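What follows is each chain in one-letter form.
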Amino acid sequence: MKTNVLLPTKENIQQAGEALRNGELVGVPTETVYGLAANALDPAAVKNIFRAKGRPGDNPLIVHISDIAQIEEFELVSEIPEKAKMLMQAYWPGPLTIIMKKGSVPDEVTAGLDTVAVRFPSHPVTQRIITAAQRPLAAPSANTSGKPSPTSAMHVLHDMDGKIPYIIDGGSCEVGVESTVITVAGETPVLLRPGGITHEQLEAVIGHVDISDAVIHKLKDGETAASPGMKYKHYAPCARIILIKSDDNGYINYVNAHSADSTAALCYDEDAEKLNVKTYCFGAKFDFDAQANRIFDVLRKIDEDGVENVYGRCPDTTGKALAVYNRLIRAAGFEVISLA
Ligand code: AMP
Ligand code: MG
């Protein structure tokens, strides 16, 4: 199959909508990362998402809508809890996925769970594609399962070339990491995946929100994740990444003392001039927005360059940096050296 990368013109968006209605897959830009979309109400189309990504069947998909009224129109959930309404009011459209008790959504989308994840993206092109498809779209990130998520149409082409008919090129993604995932299906709301909307922002609207253990810690053997996507290794380049938990000088001294030909540093912008290995900067130390925006692109560049070993800075865990930390610690397979 030839994969066509198309600009988001009116005609091309109509064509993408038609392809989606016909059960085909389309790579779509969103404000978080690029998605691999299919008609969420078509089980056969949804199965093709899992096939194209090599995604384990037990990892459910997020259903994307372009209007809050579509939740009722397509009976996506059995009820909308009050806290979900408050979050929708505050942060939709935007990088927030809300998990609620499921309505009549195919089991292929929810991996057999009794809940469903719903998001209303803010990217105008995503909204236009959903509207053109006239259906909610199931869309995970458009990467090969386990690899860094795509934040440009070229990243999607790299992973999906020959597997899908269309990619709509909406430029590079503004947020750069996947949506925040919160469940309001139980008694207490739980943050399952940190993203563009921070834990602090969630609590400002609905009060206390637990943070799932799997956000920060490695799951113990046999332990299951509340969000199946939060498993041990994910978002990972081929290179081995080791995170160094340390202050600025400790990090710089450690990397310089352990430099070799195929070793590189995944560091803050400020570190680069003090390091004597190849550097991959993912933003200034306190610019968490930039770090989120750049992290996946930088992880992909590390693979393009054939780097073998990477010493990475261990990101902060406050605000939006928690999302960067959560992705990097998985890219590193939880290999961390603490110097403090
Ligand atoms: P991705 O589409 O690649 O961004 O992955 C979607 C994320 O949402 C994964 O971490 C899933 O495990 C999670 N997710 C989707 N639906 C549910 C659900 N019903 N319950 C818990 N987690 C979910
Ligand atoms: Mg993903």
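Please refer to the structure placed before this passage.
Residues numbered from 1 in each chain as written. Chains lettered and ligands numbered in written order. Predicted model: local features only at pLDDT ≥ 70, side-chain atom pairs only at ≥ 80, totals over all residues. Heavy atoms only, no water.

**Description of the sheet that holds strand 8 (residues 166-168)**
Spatial ordering of the open sheet is given by 1-8-2-3-7-4-6-5-9-10-11, a layout of 11 strands whose pairing is mixed. A single partner strand is all that each edge strand has here, and the edge strands are strand 1 (4-6) and strand 11 (210-211). In terms of strand pairing, strand 9 (residues 180-183) meets strand 10 (residues 190-193) through 3 bridges, oriented antiparallel. Bridging across to strand 10, V181 finds its partner in R193. Running at roughly 155 degrees to strand 3 (residues 35-39), helix 2 (residues 43-53) makes contact with strand 3 and strand 7 (137-138) of the sheet. (Pairing = 2+ DSSP bridges. Helix = DSSP H or I, 4+ residues; strand = E, 2+ residues; numbered from the N terminus. Contact = heavy atoms within 4.5 Å. Axes fitted to C-alpha atoms, helices over the stretch in contact; angles between N-to-C directions.)

**Observations concerning the layout of surface pockets**
Put simply, the second largest pocket is a space of about 220 Å³. Lining of the second largest pocket is provided by T144, K147, P148, M154, H155, H158, D159, R300, D303 and E304. Of all the elements in the fold, those that place two or more residues in the lining of the second largest pocket are helix 7 (153-160) and helix 10 (288-304). Counting residues per element, the lining of the second largest pocket draws most heavily on helix 7, which supplies 4 residues. (1 Å grid on protein atoms, 1.4 Å probe; cavity = no way out; pocket = protein on both sides within 12 Å on 5 of 7 lines; lining within 4 Å. Points joined across faces, edges and corners; volume = space filled by probe spheres on them.)

**Observations regarding the packing of helix 10 against helix 11 (residues 321-331)**
Where helix 10 contacts helix 11, the two axes come as close as 8 Å, and the packing angle between them is 25 degrees. The orientation of helix 10 relative to helix 11 falls into the category roughly parallel. Read as a crossing pair, helix 10 and helix 11 show a hand that is left-handed. Touching F288, Q291, A292, I295, F296 and L299 of helix 10 are A321, V324, R327, L328 and A331, all from helix 11. Here the residues of the contact of helix 10 with helix 11 are counted per class, giving 9 nonpolar, 1 polar and 1 charged. (Parallel < 35°, antiparallel > 145°, perpendicular 65-115°, else oblique. Left-handed = near helix turned anticlockwise from the far one by under 90°. Nonpolar A, V, L, I, M, F, W, Y, C, P; charged D, E, K, R; others polar.)

**Remarks on the environment of A332**
Relative to the assigned elements, A332 resides in the loop between helix 11 and strand 16 (336-338). In the structure, A332 is positioned 89 residues away from L243 in sequence and 6.8 Å away in space, judged by C-alpha atoms.

**Focus on the packing of aromatic side chains**
All told, the structure shown has 4 aromatic pairs when counted by the stated rule. Pairing Y268 with F282 gives two aromatic rings, centres 5.4 Å apart and planes at 40 degrees, and the pair type is tilted. Remark: F282 occurs in the loop between strand 14 (278-281) and helix 10 and Y268 occurs in the loop between strand 13 (263-267) and strand 14; sequence separation between them is 14 residues. For the pair shown, Y268 and F282 are each scored as buried. (Phe/Tyr/Trp six-rings, centres within 6.5 Å; stacked < 30°, edge-to-face > 60°. Buried < 20%, exposed > 50% of the residue type's maximum accessible area, 1.4 Å probe, protein only.)

**Digging into the side chain of T183**
Locating T183 in the fold gives a position in strand 9. Residue classification places T183 among the buried residues on the basis of a relative accessible area of 13%. Engagement of the side chain of T183 in a polar contact is seen with the backbone nitrogen of A185, the distance being 3.1 Å. If we ignore the near neighbours within four places in the chain, the residues touching T183 are I99, T188, P189, V190 and L192. (Polar contact = N/O pair within 3.5 Å; in protein donor to acceptor, adjacent residues only side chain to side chain.)

**A word on the sheet that holds strand 13**
To summarise the sheet geometry, strands pair through backbone hydrogen bonds and adopt either a parallel or an antiparallel arrangement. Strand order in the open sheet made by the 5 strands is 14-13-15-12-16, with parallel pairing throughout. Unpaired on one side and paired on the other, strand 14 and strand 16 mark the two borders of the sheet. Going across the sheet, the axis of each strand differs from the next one's by a mean of 25 degrees, ignoring polarity. Relative to strand 15 (residues 309-313), strand 13 runs parallel, the two sharing 4 bridges. Counterpart to A265 in the pairing with strand 15 is Y311. Those strands touched by helix 11 are strand 12 (240-245), strand 13, strand 15 and strand 16, and its axis lies near 130 degrees from that of strand 12.

Read these as spatial facts, not as claims about activity.
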